[in-house]
Amino acid sequence: YLGCAPDTFLGAGYQTCRKLIDDGYIGTPVSVTSFLARSIWPEGHEGEPRVSAGGTLPYDMSVYYTNALVHLFGPIRRVGGLAPHYAYRHSHPDHLRFGEPMEVETPTCMYGALEFHSGVYGVYTLLGQSFTETPRIEVYGTHGTLICPDPNTFGGPVLLRRRGYAEFKEIPLI
């Protein structure tokens, strides 16, 4: 099963991105990079990280990124990837089990290569081993680059850099 949050891709941020692509502001889209680095360990029940099926970063966030990409480029023709999981030790010094290992039963990261029917190729990374959050989707076209907003939000910013310009410009949301 695959779910989505339509308020994100139907929000002003991704509607603006779709319009810029459709109107040719970056030329023909050829490639996309989808990237999220975040700590894998959201606090679950009684401060325990969720490390069983359905509780790690790929299960929590992949649908937002996949849905944003399909919204921008249409259906995916082929996909290949890896989904490893990494060991975990309780790292918060106030936790009763500080320093103890915990078994991880499910993928904590996801890496993929995508081919869209539209001819766009992309890479897809969800990294659950980060100390900070870095959400990013960048679209590369023949005449420009578009930096899309965090697909887990409704708004922006949307940044555009066209051929011949030295810097990205923030685009007002529609």
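Bear in mind that the values here come from a model prediction, so they are computed numbers and not experimental data.

Colleague: Tell me about the layout of surface pockets, and name the residues and values.
Modeller: In this approach, a probe sized like a water molecule rolls over the atoms, and the result shows the empty space that is left. A volume near 200 Å³ is recorded for the largest pocket. Forming the boundary of the largest pocket are 15 residues, of which Thr-66, Val-79, Met-110, Leu-114 and Tyr-124 lie nearest the centre. At the level of secondary structure, the elements contributing two or more residues to the lining of the largest pocket comprise α3 (57-73), β2 (76-82) and β5 (110-116). Per element, the largest residue contribution to the lining of the largest pocket is five residues, and it comes from β2. Of the residues contributing to the lining of the largest pocket, the split by class is ten nonpolar, five polar and no charged.

Colleague: Requested: an account of the pairing of strand β7 (residues 129-141), with residues and values cited.
Modeller: Bridging between strand β1 (residues 29-39) and β7 involves nine bridges; their strand directions are antiparallel. For Ala-37, the partnering residue across the bridge sits in β7 and is Thr-134. Pairing of β7 with strand β8 (residues 144-148), which is carried by four bridges, proceeds in the antiparallel orientation. Its bridge partner being in β8, Val-139 is matched across the sheet by Leu-146. What sits between β7 and β8 in their antiparallel hairpin is a turn of two residues.

Definitions and limits used
Residues numbered from 1 in each chain as written. Predicted model: local features only at pLDDT ≥ 70, side-chain atom pairs only at ≥ 80, totals over all residues. Heavy atoms only, no water. 1 Å grid on protein atoms, 1.4 Å probe; cavity = no way out; pocket = protein on both sides within 12 Å on 5 of 7 lines; lining within 4 Å. Points joined across faces, edges and corners; volume = space filled by probe spheres on them. Helix = DSSP H or I, 4+ residues; strand = E, 2+ residues; numbered from the N terminus. Nonpolar A, V, L, I, M, F, W, Y, C, P; charged D, E, K, R; others polar. Pairing = 2+ DSSP bridges.

It is worth stressing that arrangement in space is one thing and function is another; only the former is reported here.
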